[in-house]
Amino acid sequence: MVIIYIYKVNIKDRIHPKTTAYWFYKMHNLVKIEGLEKLDMSKCISIQAMFNECCSLKDLNMTNWNTDELTNMIQTFYNCASLEKIDISNFNTSKVNTMRSCFSYCTSLKSLELGKIVTSQNEDFSFMFQNLTNIEYLDLSNLNILRGEEFKGMFQNSINLKSIDGIYNWNILPNSNTSNMFLNCPVEIPEWYIQMLE
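Asks: Could you give me a rundown of the overall build of the protein chain, with the residues and numbers involved?
Replies: Of the regular secondary structure elements, the protein chain holds one helix and six strands. The C-alpha radius of gyration of the protein chain comes to 17 Å, within 12% of the 16 Å expected for a compact globule of 198 residues. Taken along its principal axes, the extent of the C-alpha atoms in the protein chain is 55 × 30 × 25 Å. In the protein chain, which comprises 198 residues, the share counted as buried stands at 49%. Carbon and sulfur atoms form 46% of the exposed surface of the protein chain, whose accessible area is close to 9500 Å². Of the charged side chains in the protein chain, 17 are positive and 21 negative; the average position of the first set lies 9 Å away from that of the second.

Structural data, given as structure tokens:
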């Protein structure tokens, strides 16, 4: 169900959620969330689809979040089509096992700050950066893909993505799903990907 009559959310009190999954799901006209810094995220295990289809949301401030227990980031920012910047450089993602479609369809995104992101437990990277049609550069030099099994459509339809740091020395498991990984993406295709297609 699409929620169309909420334009602003104000978190006034300190909250200690164990999950924030689907909190703002499909709030299509939500423009602003105040008080995100009042969320004590230290025990939170899932932010799945937290901002999914918040397509009018203009900015997010998550700089003080403690995400030490986080395991699930499926579709967290899916179709946040008005966000021009997402900064999760402070996130601890060392326990996260899936980031499937995490940033998909963030079509206005020009800057994605991942910092020293830890993905050593992540098995599913599929569609993670799909349809980022405005972004030209990604720094994935800290991405650890050694446990990754799903890479399907990871950069699919990111039609202006010209440079990705860190991907050319990836060592992906032979049986991993890499179908359509670079479909309609103009970046130089890594040699290891070409070899997997042979």
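Don't stop here, the text continues.
Asks: Explain the side chain of N131 to me, and be specific about the residues and the numbers.
Replies: Position of N131 among the secondary structure elements: in the loop between β4 (111–113) and β5 (137–139). You can call N131 buried: its relative accessible area is 12%.

Asks: So what about the pattern of salt bridges? Which residues, and what values?
Replies: One pass over the structure, following the stated rule, counts five salt bridges. E34 serves as the salt-bridge partner of K32, at 3.6 Å between the closest nitrogen and oxygen. The class of K32 is partly exposed, set by a relative accessible area of 39%. A salt bridge links R147 to E123, with the shortest nitrogen-to-oxygen separation between them at 3.3 Å. You can see R147 sitting in the loop between β5 and β6 (163–165) and its partner E123 sitting in the loop between β4 and β5, a full 24 residues away along the chain. Three or more residues are tied together by salt bridges with common partners; here these are K8, K32 and E34.

Rules used in this analysis
Per-chain numbering applies: the sequence of each chain, read as written, is numbered from 1 onward. pLDDT decides what is reported in this predicted model: residues at 70 or higher carry local features, side-chain atom pairs at 80 or more are listed and counted, and totals for whole chains, interfaces and linings draw on all residues regardless. Derived side-chain values reflect all non-hydrogen atoms in the structure, with water molecules and hydrogen atoms excluded from consideration. Only DSSP runs of H or I covering at least 4 residues are called helices, and only runs of E covering at least 2 are called strands; the numbering of each starts at the N terminus. Only C-alpha atoms enter the radius of gyration; for comparison, a globular chain is expected to reach 2.2 Å times N to the power 0.38, where N is the number of residues. Throughout this description, buried means an accessible area under 20% of the type-specific maximum (1.4 Å probe, protein chains only), exposed means over 50%, and partly exposed covers the range between. The protein chains shown are the only cover counted for residues, whose accessible areas, like all others here, come from Shrake-Rupley with a 1.4 Å probe. Neither His nor the chain ends is counted toward charge; the positive residues are Lys and Arg and the negative residues Asp and Glu. Where a charge lies is defined by one atom per residue type: Lys uses NZ, Arg uses CZ, Asp uses CG and Glu uses CD. When a carboxyl oxygen of Asp or Glu lies within 4 Å of a side-chain nitrogen of Lys or Arg, that pair is called a salt bridge.

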